[in-house]
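# Per-entry structural report
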Amino acid sequence: MATDNKGTTIQSNPPINVEKVEEKEYSILNLGPTHPATHGVFQNILKMDGEVIVDSEPTIGYIHRAFEKLNERRPYNQITPITDRLNYCSSPINNMGWHMTVEKLIQAEIPKRVEYMRIIIMELARITDHLVCNSVIAVDSGALTGFIYVFEEREYIYEIYEEICGARLTTNIGRIGGFERDFPQAAWDKINKFMERFPKVLKEFEKLLVRNRIFMDRTIGAGAISADRALNYGFTGPNLRATGVDYDVRVMNPYSGYQDFDFKIPVGTNGDTYDRFMVREEEIWESYSIIKQALEKLEKLPKGPFHADVPDFYLPPKEEVYNNMEALIYHFKIVMGETEIPRGEIYHAVEGGNGELGFYLISDGGRTPYRLHYRRPCFIYYQAYPEMIRGNLLSDAIVTLSSMNVIAGELDA
Amino acid sequence: MEAVKSKIEVVGAPAGVEGPGFFATSLDNVVGMARKNSLWPLPFATSCCGIEFMATMAAHYDLARYGSERLSFSPRQADLLMVMGTIAKKMAPILRQVYIQMAEPRWVLSMGACASSGGIFDTYSVLQGIDRVIPVDVYVPGCPPRPEQVLDGIMRIQDLVQKESIRRRKGPEYKAMMASYGIE
Amino acid sequence: MEDILPIIEKRLREAFPNDVVSAEMMRDFPVFTVKKDKIIDVVKFLYDDPEMQFRFLTDICGVHFPDNQGHELGVIYHLHNMRKNWRIRLRIFFSVNEPSVPTLTTVFSSANWMERETYDFFGIIFKGHPNLKRILNVDDMVGFPMRKEFPLEDPNREDKDDSMFGR
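Only a predicted model underlies this, so the values are computations on that prediction, with no experimental measurement involved. (Residues numbered from 1 in each chain as written. Chains lettered and ligands numbered in written order. Predicted model: local features only at pLDDT ≥ 70, side-chain atom pairs only at ≥ 80, totals over all residues.)

Bringing the overall build of chain B into the picture now. Scanning chain B from N- to C-terminus turns up six helices and six strands. Overall, chain B is about 70 × 45 × 25 Å in size when its C-alpha atoms are taken along their principal axes. Across the 184 residues of chain B, 40% fall into the buried class. Here the contacts in chain B between residues at least 6 apart in sequence split such that 78% fall between residues at least 24 apart. (Helix = DSSP H or I, 4+ residues; strand = E, 2+ residues; numbered from the N terminus. Buried ≥ 20, exposed ≤ 12 C-beta atoms within 10 Å, placed from the backbone. Contact = placed C-beta atoms within 7 Å.)

The following block contains the structure:
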């Protein structure tokens, strides 16, 4: 039995016990760094008794790009493209999280309009991340059709990003203090059009898989983990919510105006692959409802600025730079990195696609951070993978791996 | 009545001698045409460029039109090694091993800035370009490149495949280039 | 938000009278600096005590301040009490010549890889860790990259043209 964070007991199924028979020869199988099922590069050396997995040893670091060392060399607004490449399926969430960390450091006051615009972008990013993960769970169990439907929706979201920031995947969206330009009318039109067509496509995708006998047989019971083991392993995000604990950073430590929104937190019961799939499915619907509420709230707000008043960090508009001495000096100082940055230590967490993405920033007043450490959810929960697949068959291990949504960029940083 | 101009462009046949029931051309042309329209790629996806490749493979920018319907994850059955994403120094020996396991004729497409030259990661742990360990045929720049750029890269590979002589891989220049990489 | 710093500080100083070096509020986070050898006891106390109940380890990371003589290396722990939504930060500092710290894997399983990463980057040895070897860098690497004296770029590159880049 396990207890969630409100003290009520919840059912939990322990992992299947494997009898260790001595004097048995186990075979070693290398689920190598390049493998169609591992989306990203990480290696698992599996010790198997026939088809059942007895033990496994993961090796990571095949795409270690030294983000933390690189951050010590870059001024604050040049770190945003680096944060893009953490969880690259939902890079706007990483960008916004970094901007909010710096705004916490400089104690900037962000207008409500900017907060709601940021929520729209972050929820669109969450939808793209969950769509990739769910369609890839299906691909790994052999169902390729959902993948094709779902990626068409991602193209629509990419078009929205392109209208706002110019890039599709690694967006570098927004600036410290807000957005670089107001959303053009074309972006609003595309968002509205997306909101109209998305529910029908998602329902079609659900009909393919949610009550599909084969999919359910493949995924129910595969890679189960109990809530107290998950909490001890530091799980956050959909993987933790699938075990029954309703921990969501947007509710526990609200940021960027999430406290004004009304949304549910879906939880599962067993913590197995089917629950993770269903939790992500329901979260897509919740994100859709949040975007709808944000659009309604933005209509009611008066027309306002699309950025906060932080002249030390936010580039002034070009007309003023060419005509006004003060704006020219600010522009020079920001681009050359000569602004005065307060000292301090900040930890800020956002709800990324995989869980609590934390930014721990130590600033010593210089133009680059003294230390910036990312609390990456994938890195922390991938440790539990050997325990989750012990006693399962090899094909369950593959489906478990893709349901955990391990993104290599976030794993290795 | 005017004939409606068809929008479909038909590719002309290669240069050759034609007659009733036969068409004679050089073997290079035929082999090149067959090979270029049936390249089986090996997607060696490591990071963000891999997601753009998945978008290229999906229905909107369909890669299957170019004959790459079947992605081969086994190097023994692949023609085209597409390296997508950053290659760290820990990964470089594995990339080399996968390249060595591929059978001739094989081509390499390096997608993205990180694979071509290390990209924005000028650090101690990132390999500054995969051409330090394997020979590369086409580089596609971008971070990540748009799917149209990737398709353009595939079309440049197709040009290379079409024009390649079938004796090239046994010749001394090719062997010297391979020796410079330490691959026999 | 109630002011939680005095509550936690009082309990900690009662249980560990000589080991809490400092307790301060940094923006919205209570931060406690404790002595290196007592860190496991402090964390276990915060885990078990019915009023404290810090049952979730958010993060472990290392830090290097080469200018603080005798306290160059540090390890920072972030803990979270989910029931009451309290977050705290624990810091320990020690000299670069004795970089060994007791391991937290007996209390939290998630500390396993986080400590390996801290070892890989800073060279901090965690006593009692089940599998302390490098995790992100190549296994035969010499040196600890996140220390301030380690260079960012690869020093063995020969193709960079310094005249063009003004280095």
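So much for the structure itself; the text now carries on.
Attention now moves to helix H2 (residues 48–57) of chain B. Note: α-helices contain 3.6 residues per turn, so residues at a spacing of three or four share the same orientation. Counted residue by residue, H2(B) has ten buried out of ten residues, so it is predominantly covered. Looking at H2(B), one finds that the buried residues are B:Cys48, B:Cys49, B:Gly50, B:Ile51, B:Glu52, B:Phe53, B:Met54, B:Ala55, B:Thr56 and B:Met57. Each element contacted by the buried residues of H2(B) is listed here: helix H5 (145–165) and helix H17 (408–412) of chain A together with strand S3 (41–45), strand S4 (80–84), strand S5 (107–111) and helix H5 (147–163) of chain B.

Listed per partner, the contact involves 27 residues of chain B and 27 residues of chain A. When residues of the side of chain B that touches chain A are traced back to their parent elements, those giving at least two are H2 and helix H3 (92–101) of chain B. Of the residues in the side of chain B that touches chain A, the class split is 18 nonpolar, six polar and three charged. (Nonpolar A, V, L, I, M, F, W, Y, C, P; charged D, E, K, R; others polar.)

Attention now moves to the sheet that holds strand S3 (residues 27–31) of chain A. Residues and elements named next belong to chain A. Taken in spatial order, the three strands of this open sheet run S3-S4-S5, and their pairing is antiparallel. Of all strands in the sheet, those bounded by a partner on one side alone are S3 and strand S5 (52–59). The sheet shows a mean angle of 25 degrees between the axes of neighbouring strands, direction not considered. Of the pairings in the sheet, the one linking strand S4 (residues 43–49) to S5 comprises seven bridges and is antiparallel in character. Bridge pairing links Lys 47 to Asp 55 in S5. (Pairing = 2+ DSSP bridges. Axes fitted to C-alpha atoms, helices over the stretch in contact; angles between N-to-C directions.)

The next thing to look at is the packing of helix H1 (residues 27–36) of chain B against H5(B). Residues and elements named next belong to chain B. Orientation of H1 relative to H5, taken along the N-to-C sense of each, is 155 degrees, at an axis distance of 7 Å. Between H1 and H5, the crossing angle belongs to the class labelled roughly antiparallel. Crossing geometry of H1 relative to H5 is assigned as right-handed. Residue-level contacts link Gly 32, Met 33, Arg 35 and Lys 36 of H1 to Gln 158, Val 161, Gln 162 and Lys 163 of H5. Split into classes, the residues belonging to the contact of H1 with H5 amount to two nonpolar, three polar and three charged. (Parallel < 35°, antiparallel > 145°, perpendicular 65-115°, else oblique. Left-handed = near helix turned anticlockwise from the far one by under 90°.)

On to the packing of helix H6 (residues 185–209) of chain A against helix H11 (residues 273–300) of chain A, then. Describing two packed helices takes the angle between their axes plus the distance from one axis to the other. All names here are of chain A. Taken N-terminus to C-terminus, the directions of H6 and H11 make an angle of 170 degrees; their axes are 12 Å apart at the nearest point. Here H6 is positioned roughly antiparallel relative to H11, judged by the angle of their axes. Residues Met 195, Phe 198, Leu 202 and Glu 206 of H6 pack against Glu 281, Ile 284, Tyr 288, Ile 291 and Lys 292 of H11. For the contact of H6 with H11, the class distribution of residues is six nonpolar, no polar and three charged.

All names here are of chain C. Most of strand S3 (residues 56–64) sits out of view: nine of its nine residues are buried. Of the strand pairs in this sheet, S3 and strand S4 (residues 73–81) are connected by eight bridges, and their pairing is antiparallel. Bridge pairing in S4 links Gly 62 to Val 75.

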